[in-house]
Protein chains: 2
Amino acid sequence: MVSIADVARDAGVSSSTVSYVLSGKRSISPETRDRVEASVRRLGYHPHAGARALASSRTNVLALVMPLRADIDVQVLMGFVTSVVTSARKYDYDVLLLTNDEGPDGLRRVADSAMADALLVMDVESADPRVPVLRSLRCPTVLIGLPDEPGDLSCVDLDFSAAAKRCVQHLADLGHEHIALVGPSPAVYERGTSFAGRFLNGFTEATRTRGLNAPSQPCSPSYDGVRECLDKILVEQPRLTGLVVHNEAVLGTLLSELRARGSRVPEDVSVVAVGPDEMAANQPMRLTTVPLLSDDVGRIAVEMTMRELAGSSAPEVRLLSPRLAHGDSTAQRD
Amino acid sequence: MVSIADVARDAGVSSSTVSYVLSGKRSISPETRDRVEASVRRLGYHPHAGARALASSRTNVLALVMPLRADIDVQVLMGFVTSVVTSARKYDYDVLLLTNDEGPDGLRRVADSAMADALLVMDVESADPRVPVLRSLRCPTVLIGLPDEPGDLSCVDLDFSAAAKRCVQHLADLGHEHIALVGPSPAVYERGTSFAGRFLNGFTEATRTRGLNAPSQPCSPSYDGVRECLDKILVEQPRLTGLVVHNEAVLGTLLSELRARGSRVPEDVSVVAVGPDEMAANQPMRLTTVPLLSDDVGRIAVEMTMRELAGSSAPEVRLLSPRLAHGDSTAQRD
DNA sequence: TTGAAAGCGATACCAC
DNA sequence: GTGGTATCGCTTTCAA
């Protein structure tokens, strides 16, 4: 292993000088700087991460906590993960990937053993049991999602309430009066995922404001689930002409089933879907969607973390405004 | 922060004793052990990871290198990632998640700065430029995939050649004489992903052995791509009755397109698909599949790593035998 | 502008 | 069976 002492010897300076050249924390004469940098390159020096962490109480590592659930869309999950990892590297941070199955103790372990400088937690529920633990940890934390009581924890997420309203607005503007919501699977509601509830609230509120009677149904991710969901919706809304789909997993199946039932999209039914960009890609038509912005959410989560670590920012809650991407799956009601 | 000295003081022993209690590297009297363990719990002591790494030259961290590609199935990717992370925790290891976009330098950085004890690299290509770097790193490495020249690097993967043969055998045994392969997207072949080539070789070999004339076509992940692929196949194989699909992304689309063309599965065309379990779940029928075993591959990769770290094992190449799960998408040819 | 040296918090060797 | 202490490689204060 090549250590800072090796570099110092090679460059003919003290090891503290090498350290300062690398950190830029004090001014160095151009000549010394050059010599040191040359030695660093020539020897292929990389500071020992553990030693550095020990001396500086900084790891340059972010811990990202990932859910291990069947009911959460992998595409969305992966979007967050890659976005967080690539964003973190821009700040010279690496990412430690934790799963949820260690529970709150896992968070405590990582924070207390100084394996990371901050925690990013995905898939946060309304009354998430991890939240109180995180608040007690005195470790900068950013939640992807929005619990009921974030306290002094930072949060970032899509504004799902606004997203629902945007969908309703779009369909209503096109003249649709008989619409419905195909929601996430029942399991998602049951465990109190905050985004599902926020979307549903936004939907309900927007339809009421518009004076629409609009049922909503959760939808299990299977053929039978989709059929059942559609059946129930049609009982409540027999003259259905517009669907908001907030369920990545069933979208393809749903479109097939509509076709099978003789409903053309968009001639008979307009469909607007909420989900990751990839969801729309593999469909037979260009869908009207409200993209989930996983990329932005991940990037912003990292940016917020960096600001907190720099001490230049207080905790904040940021909900990203959704936008609607017009496609060919929604049309004017005639 | 609570340090080992705090625990030592609390338990009335020396810090070395605390260390030995925790590591179990020398015998301790039951009484001392109990006192120390009680103190550890009471104070909520977690050893400082950096300090530990510095003193022991062990990080208890595995670095997992993830590809950032559009053409690789996220479901498969995520399967590996979760499997590696959860398996690693069983050995008290954490996982640092790296992406490929730093290139070989990123691997060097992580290894040289002692951020991890070993590297796991996914999505390895036949002539992967990272392989020579990895071999020069003197850091235990396990590849998920199989390059042409692994050298002394360990490898683990599904035996894709055997998987292809299994598919062909299944269809042939059912009496199908006019079959074809729907392969991964052209991009996957072009960059020389090892698994695509191995599958294709297995397919070609098996069909030749059986005396079948069986065309194969790559397939782009879009509606048009699927149509085009089917068209080309039907030109070469007009009396098609059996399809092997080695392309998770297009499976759903392909099944729809077959239906649209009036081909019933399995009455007119038998379909056997290679992919993750999740791929089959959202289809309208129980598919006959050859599962990718991402879970096993990830777990075995970790186990191999652990054995290498323990010094109890030389590098090895392990190709997992595929199995075929009978479903309703393949039937006897009458 | 630079160097010397005191930690950081563990591990593991050497004594007893 | 236990304690003392050198050591790991870096950061950062203090001195010059």
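Residues numbered from 1 in each chain as written. Chains lettered and ligands numbered in written order. Predicted model: local features only at pLDDT ≥ 70, side-chain atom pairs only at ≥ 80, totals over all residues. Heavy atoms only, no water.

### A look at the domain arrangement of chain A
How big an interface is tends to be stated in terms of accessible area lost as the parts join.
All names here are of chain A.
Okay, step 1: Domain annotation of chain A identifies domain 1 (4-55), domain 2 (61-158 + 294-320) and domain 3 (160-291).
Okay, step 2: Its C-alpha centre places domain 2 at a distance of 29 Å from the equivalent point of domain 3.
Okay, step 3: On the side of domain 3, 15 residues touch domain 2, which itself brings 14 residues to the contact.
Okay, step 4: Both faces considered, domain 2 and domain 3 share a buried interface measuring about 1,200 Å² in area, 50% of it formed by carbon and sulfur atoms. (Domains from an automatic or database assignment. Contact = heavy atoms within 4.5 Å. Buried area = accessible area lost by both parts, 1.4 Å probe.)

### Observations regarding the sheet that holds strand β4 (residues 141-144) of chain B
Okay, step 1: The mixed open sheet is built from 12 strands, whose spatial order is β11(A)-β5(A)-β4(A)-β3(A)-β1(A)-β2(A)-β2(B)-β1(B)-β3(B)-β4(B)-β5(B)-β11(B). Among the strands making up the open sheet, the edge pair consists of β11 (317-320) of chain A together with β11 (317-320) of chain B. Each strand axis lies, on average, 20° off the axis of its neighbour in the sheet, ignoring direction.
Okay, step 2: When strand β2 (residues 94-99) of chain A meets strand β2 (residues 94-99) of chain B, the two strands line up antiparallel, connected through three bridges. Of the residues in β2(B), the one forming a bridge with A:Leu96 is B:Leu96. (Pairing = 2+ DSSP bridges. Helix = DSSP H or I, 4+ residues; strand = E, 2+ residues; numbered from the N terminus. Axes fitted to C-alpha atoms, helices over the stretch in contact; angles between N-to-C directions.)

### A look at the protein's contact with DNA strand D
Okay, step 1: Not every one of the 27 residues close to DNA strand D is listed here, only the nearest: A:Ile4, A:Tyr20, B:Thr17, B:Ser27 and B:Thr32.
Okay, step 2: Between a base oxygen of DNA strand D and a side-chain N or O atom of B:Arg26, the distance comes to 2.7 Å.
Okay, step 3: B:Ser29 places a polar side-chain atom, nitrogen or oxygen, 2.8 Å from a phosphate oxygen of DNA strand D.
Okay, step 4: Looking at the surface near DNA strand D, the elements with two or more residues in it are α2 (15-23) and α4 (49-56) of chain A together with α2 (15-23) and α4 (49-56) of chain B.
Okay, step 5: Considering only residue class, the surface near DNA strand D consists of 11 nonpolar, 12 polar and four charged. (Near = heavy atom within 4 Å. Polar contact = N/O pair within 3.5 Å; in protein donor to acceptor, adjacent residues only side chain to side chain. Nonpolar A, V, L, I, M, F, W, Y, C, P; charged D, E, K, R; others polar.)

### Side note on helix α8 (residues 160-173) of chain B
Residue and element names in this part refer to chain B.
Okay, step 1: For α8, with 14 residues, the first-to-last C-alpha span of 20 Å sits near the 20 Å given by 1.5 Å per residue.
Okay, step 2: All of the buried residues in α8 are Phe160, Ser161, Ala163, Ala164, Cys167, Val168, His170, Leu171 and Ala172.
Okay, step 3: If you follow the buried residues of α8, they end up packed against β5 (154-158), β6 (179-182), α10 (194-209), β8 (242-245), β9 (270-275) and β10 (288-291).
Okay, step 4: N-cap assignment for α8: the residue whose side-chain oxygen lies 3.3 Å from the backbone N of serine 161 is aspartate 159.
Okay, step 5: Just beyond α8, the residue with positive phi is glycine 175, at close to 95°. (Expected span 1.5 Å × (residues − 1). Buried < 20%, exposed > 50% of the residue type's maximum accessible area, 1.4 Å probe, protein only.)

### Details of the pattern of salt bridges
Residues and elements named next belong to chain A.
Okay, step 1: Taken as a whole and judged by the stated rule, the model has 54 salt bridges over all chains.
Okay, step 2: As a salt-bridge pair, arginine 9 and aspartate 6 come within 3.3 Å of each other at their nearest N and O atoms. Of this pair, arginine 9 and aspartate 6 are both found in helix α1 (residues 4-11), three residues apart, which corresponds to roughly one turn of the helix.
Okay, step 3: Among the residues examined, aspartate 6 registers a relative accessible area of 24% and is labelled partly exposed.
Okay, step 4: Three or more residues joined by partner-sharing salt bridges are found here, namely Arg69, Asp71, Asp123, Glu125 and Arg191. (Salt bridge = Lys/Arg side-chain N within 4 Å of Asp/Glu carboxyl O.)

### A look at the protein's contact with DNA strand C
Okay, step 1: Looking at DNA strand C, there are 28 residues lining it, with A:Thr17, A:Ser27, A:Thr32, B:Ile4 and B:Ser19 nearest.
Okay, step 2: A distance of 3.5 Å separates a base nitrogen of DNA strand C from a polar atom in the backbone of B:Ala51.
Okay, step 3: Here a phosphate oxygen of DNA strand C sits 3.1 Å away from a polar atom, N or O, in the side chain of B:Arg52.
Okay, step 4: Only α2 and α4 of chain A together with α2 and α4 of chain B provide two or more residues apiece to the surface near DNA strand C.
Okay, step 5: Among the residues forming the surface near DNA strand C, the class breakdown is 13 nonpolar, 11 polar and four charged.

### Thoughts on the side chain of A:Arg130
All names here are of chain A.
Okay, step 1: Considering the arrangement of structural elements, one finds arginine 130 in helix α7 (residues 130-136).
Okay, step 2: On the basis of relative accessible area, arginine 130 is assigned to the buried category, the value being 5%.
Okay, step 3: For arginine 130, the side chain forms a polar contact with the side chain of asparagine 100, separated by 3.2 Å.
Okay, step 4: In contact with arginine 130, other than residues within four places in its own chain, are Val65, Asn100, Leu107, Val121, Met122, Asp123 and Val124.

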